[in-house]
Amino acid sequence: MKLSEAIRSRVAVTILLMSLLVLAAACGSGAEPEAEPPATAEPTATPRPEITLDELVASAEEKLTAISTVKFEMVDEKESGQEFFGMTLKSVEGEVKSPDGFKMYVNVENPSFGFVVIEMTAVGEDSFIKFSADAPWLPLPLEQVPFNFGGIGAILARVLPAMENTEITGRESIGGVESIRVQGDALSEDLGELITSVDPGHELRLGFWFSEADHAITQFQILGKIFADDAPETSRLIKIRDINLPVEIQVPETASQP
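Rules used throughout
Residues numbered from 1 in each chain as written. Predicted model: local features only at pLDDT ≥ 70, side-chain atom pairs only at ≥ 80, totals over all residues. Heavy atoms only, no water. Helix = DSSP H or I, 4+ residues; strand = E, 2+ residues; numbered from the N terminus. Buried < 20%, exposed > 50% of the residue type's maximum accessible area, 1.4 Å probe, protein only. Contact = heavy atoms within 4.5 Å. Pairing = 2+ DSSP bridges. Axes fitted to C-alpha atoms, helices over the stretch in contact; angles between N-to-C directions. Core = buried A, V, L, I, M, F, W, Y, C linked by side-chain atoms within 4.5 Å. pLDDT = per-residue confidence, 0-100.

Things to note about the overall build of the protein
Argument step 1. Assigned secondary structure in the protein consists of three helices and 11 strands.
Argument step 2. Start at the N end of the protein and walk to the C end: the helices and strands fall as α-α-β-β-β-β-β-β-α-β-β-β-β-β.
Argument step 3. By the burial criterion, 39% of the 258 residues in the protein qualify as buried.
Argument step 4. Across the protein, the fraction of contacts at a sequence separation of at least 24, relative to all contacts at a separation of at least 6, is 52%.

As for the sheet that holds strand β2 (residues 88-97)
Argument step 1. Strand order in the open sheet made by the 11 strands is β6-β5-β4-β3-β2-β1-β11-β10-β9-β8-β7, with antiparallel pairing throughout. Unpaired on one side and paired on the other, β6 (138-139) and β7 (164-174) mark the two borders of the sheet.
Argument step 2. The pairing of strand β1 (residues 69-76) with strand β11 (residues 235-241) spans six bridges and is antiparallel. Opposite E73, over in β11, you have K239 as the bridge partner.
Argument step 3. Relative to β7, helix α2 (residues 53-65) is tilted by about 70 degrees, and along the sheet it contacts β7, β8 (177-187), β9 (203-211) and β10 (217-223).

Topic: the environment of V159
Argument step 1. Turning to its location among the elements, V159 is positioned in helix α3 (residues 152-162).
Argument step 2. A sequence separation of 31 residues divides V159 from D190, and the C-alpha atoms of the two residues are 6.8 Å apart.
Argument step 3. The contact partners of V159, leaving out residues within four places of it in the chain, are D190, L191, L206 and F208.

As for the nonpolar core
Argument step 1. Counting residues in each nonpolar core, the largest one holds 52 residues, and the members touching the most others are F149, L191, L206, F208, F210, I217 and F220.
Argument step 2. The element best represented in this core is α3, accounting for six residues.
Argument step 3. Ignoring anything within four residues of it in the chain, the contact list for F208 reads L156, V159, L160, M163, I180, R181, V182, I217, Q219 and F220.

Observations concerning the confidence of the model for the protein
Argument step 1. Summarising the model, the protein shows a mean pLDDT of 84, and 79% of its residues fall at 70 or more.
Argument step 2. A low-confidence stretch, residues 1-33 stays under pLDDT 50, and its non-local contacts, those more than four residues away or across chains, total zero contacts.

Re the pairing of strand β5 (residues 126-130)
Two faces make up the sheet, and in a regular strand the side chains alternate between them.
Argument step 1. Taking burial as the measure, the five residues of β5 include four buried ones, the bulk of the element.
Argument step 2. In the sheet, strand β4 (residues 114-123) pairs with β5 via five bridges, with the strands oriented antiparallel. When the sheet's bridge partners are listed, E119 is paired in β5 with K130.
Argument step 3. Following β4, the chain reverses through two residues before pairing antiparallel with β5; G124 in that reversal takes a positive phi of roughly 65 degrees.
Argument step 4. Pairing geometry for β5 and β6, over two bridges, is antiparallel. Bridge assignment links I129 to a residue of β6, and that residue is L138.

Okay, here's the thing in structure tokens:
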């Protein structure tokens, strides 16, 4: 009897051990949870190397010299500049075909008649003026055209490297174009090719804005007096667009023609 009980006890222990082994094997054979792939690091953008002033000026000169056609708008920001044929100059809009063609629409305020648009055009050595929409075209000596934008690109390409105390002073969006601002000092006579009747001896602060992508000019600013009758705080801003796109400039019919 005691022997039977011992045998039964051993059998029970053996069954228990086998059950535990089977259970352990079953647990061990379960699929391991799939490990998550390591997080992929976000690609790091390569920072654009900072351009030096010398590099920017050299590249911008090349772009300015290559301008063949352009559209522009000039604004007397404080309306404090010298009068235009006795009227307050508001703005100038125009098209240029280098080296010696342009047409301009000068928006002025006449104290007697209100707002007036004066048209001017030049092709080569011939220039003309029209004092209102209904007025005839009249010959105008080229030296009497106050703003000679015909060769604006080549002229600014000479002005830019001639400035003193030149520095990169910031970045901003100009007409949706990310631009680098360059400023420097000059004298009014340094703009004599662009401003035909400039009065010499006045100190100016000039500003150039160039596209960050390709260094094409986006705008140009003249701070200070270029004419003796300008106020010291005068600021003229020239916005540039449509570089090297087609423009058509023709000699108009004049009152002297039959």
